[in-house]
Amino acid sequence: MHRKTSPLSLTETRGTCGALCVLLAASALSICGVAGAADGIPRMPDGHPDLSGTWDNGSGIDFVQPKRVGDSVCVRGCEPQARSASSAAPAAASPPPNRPKYRPEFAAKVADLSARQVQTDPVLRCFSPGVPRIGPPDKIVQRSNEVVFLYDDVSGNFFRIVPTDGRPHRKDVDDTSLGDAVAHWEGDTLVVESTSFNDETWLTDDGAFHTKDLRVVERIKRTKDALEWTATAYDPKVLVEPWTTTKRTAHLTDEEIVEAAPCLERDIDHIVDGSHHTNPR
Amino acid sequence: MGDKTIVNPAIHVRWIAWIGIAALSSTTLSVAAHHSFAGEFDSTKKAQLVGTISQVEWINPHTYIHIDVKDEHGAVATWRLESLPTAMMRKAGLTKDLLMGDGSPVTADVILARDGTQNLAWVIKLAYADGHYYQLSAPQN
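These numbers come from a predicted model, not from an experiment.

Thresholds applied
Residues numbered from 1 in each chain as written. Chains lettered and ligands numbered in written order. Predicted model: local features only at pLDDT ≥ 70, side-chain atom pairs only at ≥ 80, totals over all residues. Helix = DSSP H or I, 4+ residues; strand = E, 2+ residues; numbered from the N terminus. Buried ≥ 20, exposed ≤ 12 C-beta atoms within 10 Å, placed from the backbone. Contact = placed C-beta atoms within 7 Å. pLDDT = per-residue confidence, 0-100. Core = buried A, V, L, I, M, F, W, Y, C linked by C-beta atoms within 7 Å. Pairing = 2+ DSSP bridges.

Undergrad: Help me out: how do you make sense of the overall build of chain A in this one?
TA: Along its length, chain A carries three helices and twelve strands. Residue burial in chain A is summarised as follows: out of 281 residues, 31% are buried.

Set out below in structure tokens:
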């Protein structure tokens, strides 16, 4: 890893640092004092929002609302099966799923991958979901020059180290599922740009493949106790237009992430008709 | 509660009924939405097993609970009961140890595999000898 070195001597550095620290501290106090009072957002000494924390993004299981009675637990199917007259009313139509738009020449490929999703979807075989499919980080550790994203995913634990000090993308890394990320601040929003992807992940489900030219820009903004996350995928070779995910909101939690259980796929051989349902992650 | 044999062990029939299930969530990302339940299990073919839990595989994308079931001749067959991802179990406060229980007989309501695989099922509910239970899936699921 290459770090920028200061041209100042040690003595000069100490003296300069001392003066700078006083100024920065005063500046930070001022920023913290004003912003903290106004929006309740914890901030780093440099004034940027502190995104550090463990963030419950629902992990796609928001619908699980366990009920506990004594030592017994009902995880699914806890509600009475009979529907009342009022609840029998037709449900409002769901909006169409948010999916990337492909160039016409790739429509057949997407359709084929989608039709064979049980066999072709990487996450159904425990591979990395990639970016942006992995979603917002489950935990963030922020330092002055980088943020570290940690993920507790059904496919395993993943991490991303994201410089925020102006470094360019690395040139010494292979293409990977999560790519190479750098970030900068636009106001209070952390903007993360990732490149150097392999082509082994999907943007979402239903055959949403991408090429190695994929570039993803994630925008992360903290409110008081929540994190708002969106990502836009740019892959003009195959997409008609950039595709932006549905906004997701993660909430600060004191429930720590854990080492992921091993992901061992054992179902595919027993699926008799290839049927699948919505699986956007 | 003594051991008893499987109720409705008709697992040699090939069923082609399509069982539609509601999407777990169409608007949120879905850890649980791994594959279609209907593609692997036949909700019209339910059974009740009584045996002892011999192993809990704490793995993703689905946990597996192994239960040793005796038939009327005393022969023991180990069933693999597929269940929820670990994240859902954790959200419900369930751990590997809790699922294992204390070694007493357990009654398992299950749904059999569509492809006729012997001793493979989806578990709806585990009821333990002291009366407590874990309902892990909707009965029609």
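On we go.
Undergrad: Looking at this structure, I do not really get the overall build of chain B. What am I missing?
TA: Summing up its helical and strand segments, chain B has two helices and six strands in all. When the helices and strands of chain B are listed from N to C terminus, the series reads β-β-β-α-α-β-β-β. Put simply, chain B has 141 residues, and 44% of those count as buried. Sequence separation of at least 24 residues holds for 56% of the intrachain contacts in chain B that already meet a minimum separation of 6.

Undergrad: Looking at this structure, I do not really get the confidence of the model for chain A. What am I missing?
TA: In low-pLDDT segments, the atomic positions of the prediction should not be examined closely. Of all residues in chain A, 79% attain a pLDDT of 70 or more, and the chain-wide mean is 84. Counting contacts from residues 82-87 of chain A, a segment whose pLDDT is below 50, to residues more than four positions away or on other chains yields one contact.

Undergrad: What is the right way to read the environment of Val162(A) from this model?
TA: Residue and element names in this part refer to chain A. Looking at where Val 162 falls in the secondary structure, it is placed in strand β6 (residues 156-163). Judged by local crowding, Val 162 falls into the buried class, with 21 C-beta atoms found within 10 Å. Distance in space between the C-alpha atoms of Val 162 and Pro 137 is 12 Å, their sequence separation being 25 residues. Not counting residues up to four positions away in its chain, the partners in contact with Val 162 are Glu 146, Val 147, Phe 149, Ala 181, Val 182, Ala 183 and Val 192.

Undergrad: What should I look at first to understand the nonpolar core in this one?
TA: The nonpolar side chains of soluble globular proteins are, as a tendency, buried together. Membership of the largest hydrophobic core comes to 39 residues, with the highest contact counts inside it found for Ile67(B), Leu81(B), Met88(B), Ala108(B), Val110(B), Ala121(B) and Val123(B). Looking at this core, the elements that each hand over two or more residues are β1 (41-57), β2 (64-70), β3 (76-82), α1 (86-91), β4 (106-113) and β5 (120-128) of chain B. The contact partners of Ala108(B), leaving out residues within four places of it in the chain, are Leu49(B), Ile67(B), Leu81(B), Val123(B) and Leu126(B). Listed in part, the 32 residues of the second largest apolar core include Leu178(A), Leu203(A), Leu214(A) and Leu239(A).

Undergrad: Would you mind going over the pairing of β4(B) with me for this structure?
TA: Remember that side chains alternate between the two faces of the sheet whenever the strand is regular. All names here are of chain B. A large share of β4 lies buried, amounting to seven of its eight residues. Taken together, the seven bridges between β1 and β4 define a ladder with antiparallel strand orientation. Directly across from Lys 46, in β4, lies its bridge partner Ile 111. Sheet topology places β4 next to β5; seven bridges connect them, and they run antiparallel. The partner of Thr 107 across the bridge, within β5, is Ala 127. Taking the residues between adjacent antiparallel strands as the criterion, β4 and β5 are bridged by six residues, where Gly 116 takes a positive phi near 80 degrees.

Undergrad: What should I look at first to understand the pairing of strand β7 (residues 180-186) of chain A in this one?
TA: Residues and elements named next belong to chain A. The sheet contact formed by β7 and strand β8 (residues 189-195) spans seven bridges and is antiparallel. Bridge pairing in β8 links Val 182 to Glu 193. In sequence, β7 turns back onto β8 through a hairpin of two residues, with Gly 187 there showing a positive phi of about 65 degrees.

Undergrad: Got a minute to help me understand unusual backbone geometry in this structure?
TA: Both trends apply: most residues other than glycine have a negative phi, and most peptide bonds are in trans. The omega torsion across Val131(A) and Pro132(A) is 10 degrees, close enough to zero to call that bond cis. Along the chain, Pro132(A) falls in the loop between α3 (117-120) and β4 (139-142). Residue Pro61(B) follows Asn60(B) across a cis peptide bond; omega there is 0 degrees. Positive phi outside glycine occurs at Asn119(B), with the angle close to 60 degrees. Secondary-structure assignment places Asn119(B) in the loop between β4 and β5. Assessed through the 18 C-beta atoms surrounding it within 10 Å, Asn119(B) is described here as partly exposed.

Undergrad: Help me understand the confidence of the model for chain B in this model?
TA: All names here are of chain B. In this model, chain B carries an average pLDDT of 78, and 73% of its residues clear a pLDDT of 70 or more. The low-confidence segment residues 1-33, where pLDDT is below 50, has 76 contacts with residues more than four positions distant or belonging to other chains. For this predicted complex, the interface score ipTM comes out at 0.75, alongside a pTM of 0.78.

Undergrad: Help me out: how do you make sense of the environment of Asp235(A) in this one?
TA: Residue and element names in this part refer to chain A. Relative to the helices and strands, Asp 235 resides in the loop between β10 (226-234) and β11 (243-244). On the basis of neighbour count, Asp 235 is assigned to the buried category, with 21 C-beta atoms found within 10 Å. Considering only alpha carbons, one finds Asp 235 and Leu 214, 21 residues apart in sequence, at a separation of 4.7 Å. Those residues within four positions of Asp 235 in sequence are excluded, and the remaining contacts are His 210, Thr 211, Asp 213 and Leu 214.

Undergrad: What exactly am I supposed to notice about the environment of Trp243(A) here?
TA: Residues and elements named next belong to chain A. As for its position among the elements, Trp 243 is in strand β11. Between the C-alpha atom of Trp 243 and that of Val 216, which follows or precedes it by 27 residues, the distance is 9.5 Å. Setting aside chain neighbours within four positions, we find Trp 243 in contact with Pro 100, Lys 101, Leu 203, Thr 232 and Ala 233.

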